[in-house]
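# Fold and geometry: a report
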Amino acid sequence: MALRAAFDTETFLIEPGLQAPPMVCLTSKVEGSPAQILHARPGCMTWGARLSGGWYQESPGAAPHVARLLAANDRIYGVNLAFDAAVVISAFPGLLAPVFDAYDKGKMLDISIHEMLIDIGSGTFERNRNLKGRYSLAGMTERYLNKDRSAEKSDPDAWRLRYSELWDLDLHLWPEEAVEYALVDAVDPIAIAGLQEAKYGSGLDDSPRQARAAFCLHLMRCWGVKTNPRQIDRLEEVALEAYERLRDELVGLRFLRDGVNPETGRPWTAAQRGTMDTRRVQRAMIDACERAEIDVKLTDKGKEIYKGDFATVEQIRRDSTHAAYVRTDLEACEDAQDDGLMVVAQYKKANKLANTEVPDLRRGVVLPIQPAYNVLVASGRTSCRKGVSAAKAKPGEKLLSYGYQVQNPLKGLPWFPEGVGTRECFEAREGSYFIDNDVTGLELATVSEACLSLVGDSQMGELINSGIDPHLWFGAKLAGCTYKEAVEDRHTPRMKKFRSMAKPANFGLPGGMGAKGFRAFARGYGVLLTIDEAKDLIREWKEAFPEFDEYFRWINSHMDDDGQGVIEQLFVHRFRKTYYTSACNTMFQGLGADVVKHAMWLVTKACYVEGADQYLFGVRPWGFIHDEILAETTSRDPWKAHQQAFALARVMETGCNHYLRRVPISVEPALSLRFCKAESVFDDDGCLVPWDVARADRSQVFYADGKPVIWEEAA
């Protein structure tokens, strides 16, 4: 029988720049034994560790106790366990290797991740994920154990936020309420885990892997990333210039109120002047969708009314009041591909850059920005959240961190000068470079691996394994020429056009979308198609990649009469109940997430555990962007940075190809001073050099194939 234990820490308060605060005490529970609490300072345990029930027993201290806990038990539970593990290794660096070893052996289990996997498997995750406290200990305690702890968790005067007051106080003098609160946090997780595992069993097999990923992501958050004030100043200057110019254009288009109301002939009121005429923009959006023969994107209220994300133009026009439910946000305006709405989108983007992004980026000049990650969404991927924006923070508001959405940072406008954008504001610490390694063609490889596993064949996989670009290969089919001719003409406008048409097909159509959905998807790539052209392109794509007809039949065979089905993720035994198109996507998106999470674990272990890798020890990962791992080198010595970038690529490839054995991927190493779309470039000696530094200096550098970089073209 597996030996089960749990532990929890109480700490000083979390604050910006401090995501693993000093530990005040540690509580633990081993099944069959009483829970106990230990002060983080052995000198404050005159009577030893305090047990539930008020007894004491001798203990050498928290550090040796955790070491025994990790070694002697097969499963160790907690809630937000990644935080507690980081607190432990921060307080006791000698425990770093044992903690990593326990994660490596699958011992460390987070019952909140258990609960996410349960919700994903039952098809309730999307509904439950935003419910307050759904994955908190208090929420799970109430659902599983019928105990209401909401008062002590939410009370601002509760001991939960006051343990720093006990730092200098001997354990036997602690108030009973402080002791009991901490002990319960170690007792309940074992009971909850027992109920979860008894009911869902092997449906939780993926939990140890997700717990490892959560630990890696929390260590990235602890390290954080700094920003450069000069880059931020330049971004603000350019954004404000664009904002003023676009404002004048919007006034001319009558989307922005200024001067006289054209419908009444009277001047706009002071409150109205300078504001967006939302109704006019909504009507323009409906007209643009009608011209493009696409459906209208809806607001949250509109989704409730129409029972979906979209409505037809005809549906909206039947009731003029429903124009209010048409989305006119930045994304919707960009997708509409209408000249006037593009100005609206650019204006909104310039406004957001200057008034929201710039203040958030300035936070990282002194203290690091520390993005908060969600380890798991329904597809198996991760997500990232900013937290409270500087523009919306209340005076005196207590913030836990300075966050930023690094997985999808807001891009600059097309005409912004080279090197001016939100990404470029993130800069490596003094004495370091960024390593920016991304997986080449990740989801093309994972969908090929899925097809090989499920239907036994993959034309796309054969192309990848032969070193052929699937986009250019299918583009050649569309152009009616050979692949050799396409390679020779790949830089011509004609061949670029056909390759551009192939990209949304290869990326989007494996998700099972129909002609209408594909048209909307292709518009995001700047490819405008009629409904008939979309149908023709889908037909040609299926002829070029015949494995997908079989793949779609396999997915469809798992769908029930209600349109939903349960899909088991390849290799990791994770289940997801969902609809057809999401099921098509999850097989390769989820696999992509799994392979890169495994790579992230190997990279993090190599960087933190002494002796794990001779080049990577001391390198610090700071960002995770689905198919990219971002890290900081230990120095700016050219050859050392070169070796560390290539070592990180090697470890990433090992991690990914643990699963992708029939369609293995490669990882392209790159260096940069700032966060940018860096490419691999080398000096005369074959040493990898920072992309943006070489570009700024217009240095004589070369691509991996030996071709010189011509900066006028590359920029």
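Everything in this summary refers to the structure shown in the same document.

Rules used throughout
- Residues numbered from 1 in each chain as written.
- Predicted model: local features only at pLDDT ≥ 70, side-chain atom pairs only at ≥ 80, totals over all residues.
- Heavy atoms only, no water.
- Helix = DSSP H or I, 4+ residues; strand = E, 2+ residues; numbered from the N terminus.
- Rg over C-alpha atoms; globule rule 2.2 N^0.38 Å.
- Buried < 20%, exposed > 50% of the residue type's maximum accessible area, 1.4 Å probe, protein only.
- Contact = heavy atoms within 4.5 Å.
- Areas by Shrake-Rupley, 256 points an atom, 1.4 Å probe, with all protein chains shown as cover.
- Lys, Arg positive; Asp, Glu negative; His and termini not counted.
- Charge placed at Lys NZ, Arg CZ, Asp CG, Glu CD.
- Phe/Tyr/Trp six-rings, centres within 6.5 Å; stacked < 30°, edge-to-face > 60°.
- Lys NZ or Arg CZ within 6 Å of the ring centre and 35° of its normal.
- Salt bridge = Lys/Arg side-chain N within 4 Å of Asp/Glu carboxyl O.
- Pairing = 2+ DSSP bridges.
- Arc of directions from axis to C-beta.
- Core = buried A, V, L, I, M, F, W, Y, C linked by side-chain atoms within 4.5 Å.
- Axes fitted to C-alpha atoms, helices over the stretch in contact; angles between N-to-C directions.

A tally of regular secondary structure across the chain gives 27 helices and 22 strands. Its C-alpha radius of gyration of 28 Å places the chain within 12% of the 27 Å reference for a compact globule of 715 residues. Counting only C-alpha atoms, the chain reaches 80 × 65 × 60 Å along its principal axes. Split into buried and exposed, the 715 residues of the chain put 53% on the buried side. Of the contacts formed within the chain by residues at least 6 apart in sequence, a portion of 65% connects residues at least 24 apart. Total accessible area computed for the chain in this model is approximately 31,400 Å², and 50% of it derives from carbon and sulfur atoms. Computed over 87 positive and 101 negative side-chain charges, the inter-centroid distance for the chain is 3 Å.

Each pair of aromatic rings is reported with the distance of its centres and the angle of its planes. This structure, assessed with the given rule, holds 30 aromatic pairs. With 6.4 Å between their ring centres and 65° between their planes, F426 and F675 make a pair best called edge-to-face. Of the two residues, F426 is situated in strand 13 (residues 426–427) and F675 in the loop between strand 20 (671–672) and strand 21 (681–682); the sequence distance between them amounts to 249 residues. By the burial criterion, F426 is buried, and F675 matches it. When the centroid spacing of 5.2 Å and the interplanar angle of 55° are considered together, the rings of W691 and W711 count as tilted. Highlighted residues: W691 in helix 26 (residues 691–697) and W711 in helix 27 (residues 711–714), separated in sequence by 20 residues. For W711, a relative accessible area of 4% gives the class buried. Each residue in the set W473, F474, W541, F545, F548, Y551 and F552 is aromatic and connected to the rest through ring pairs, giving one cluster. The positively charged end of R149 is found above the aromatic ring belonging to Y181, 5.3 Å away from the centroid. Against the face of W268 rests R257, its NZ or CZ located 5.2 Å from the ring centre.

Think of it this way: side chains of opposite charge can pair up when their charged atoms draw near. Here the structure, examined in full by the defined rule, presents 50 salt bridges. In this structure, the salt-bridge partner of R4 is E197, at a minimum N-O distance of 3.1 Å. Linking R4 in strand 1 (residues 4–11) with E197 in helix 8 (residues 176–200), this pair joins segments that are 193 residues apart in sequence. The same class applies to R4 as to E197, namely buried. Across the pair K386 and E357 runs a salt bridge whose closest N-O atoms are separated by 3.1 Å. Pair noted here: K386 is in the loop between strand 12 (383–385) and strand 13 and E357 is in helix 15 (residues 339–362), with a separation of 29 residues, a long-range link. Assigned by exposure class, K386 and E357 land together as buried. Among the charged side chains, a network of salt bridges with common partners joins K297, R327, D329, E331 and D335.

Let's shift gears to the environment of I120. For I120, the position within the fold is in helix 4 (residues 111–122). Put simply, I120 and T581 are 461 residues apart on the chain and 16 Å apart in space, counted from C-alpha to C-alpha.

Let us look at the environment of W415. As for its placement among the helices and strands, W415 is situated in the loop between strand 12 and strand 13. Residue contacts for W415: discarding those within four places in its chain leaves A242, R245, L246 and Q346.

Turning our attention to the pairing of strand 18 (residues 628–632). Within strand 18, five of the five residues are buried, leaving the element largely enclosed by the surrounding structure. Of the two faces of strand 18, both are covered, the one formed by E628, L630 and E632 as well as the one formed by I629 and A631. Both strand 14 (residues 434–439) and strand 18 contribute to a ladder of five bridges, which runs antiparallel. For N437, the partnering residue across the bridge sits in strand 18 and is I629. Pairing of strand 17 (residues 620–624) with strand 18, which is carried by four bridges, proceeds in the antiparallel orientation. Note on strand 18: the bridge partner recorded for R620 is E632. Where strand 17 folds back onto strand 18 in an antiparallel hairpin, the turn is made up of three residues, including H626, whose phi is positive at roughly 65°.

All of the buried residues in helix 3 (residues 96–104) are L96, V99, F100, A102 and Y103. Around the axis of helix 3, the buried residues are gathered within 160° of arc, so they sit on the same side. Looking at the packing, one finds that the buried side of helix 3 touches helix 1 (62–72), helix 2 (81–91), strand 7 (108–110), helix 9 (207–223) and helix 24 (580–608). A positive backbone phi angle near 75° is found at G106, which sits one or two residues after helix 3.

Y103, Y163, F215, F474 and Y551 are the most contacted members of the largest nonpolar core, which totals 205 residues. Counting residues per element, this core draws most heavily on helix 24, which supplies 15 residues. When neighbours within four sequence positions are excluded, Y551 is seen to be in contact with A450, C451, L454, V455, P510, A583, C584, M587 and F588.

The next point concerns the sheet that holds strand 6 (residues 75–78). The strand order across the open sheet built from seven strands is 5-4-3-2-1-6-7, with neighbouring strands paired in mixed fashion. Where the open sheet ends on each side, the last strands, each with one partner, are strand 5 (56–57) and strand 7. Note: strand 3 (residues 36–39) against strand 4 (residues 49–51), two bridges, orientation antiparallel. From the neighbouring strand, I37 faces strand 4, where its bridge partner is R50. Seen against the sheet, helix 8 touches strand 1, strand 2 (23–30), strand 3, strand 4, strand 6 and strand 7 and runs at an angle of roughly 145° to strand 1.

Position of V343 relative to the elements: it lies in helix 15. Looking at V343, the relative accessible area reads 9%, which means it is buried. Considering only alpha carbons, one finds V343 and L253, 90 residues apart in sequence, at a separation of 9.2 Å. What V343 contacts, discounting residues up to four positions off in sequence, is L246, E249, L250 and L253.

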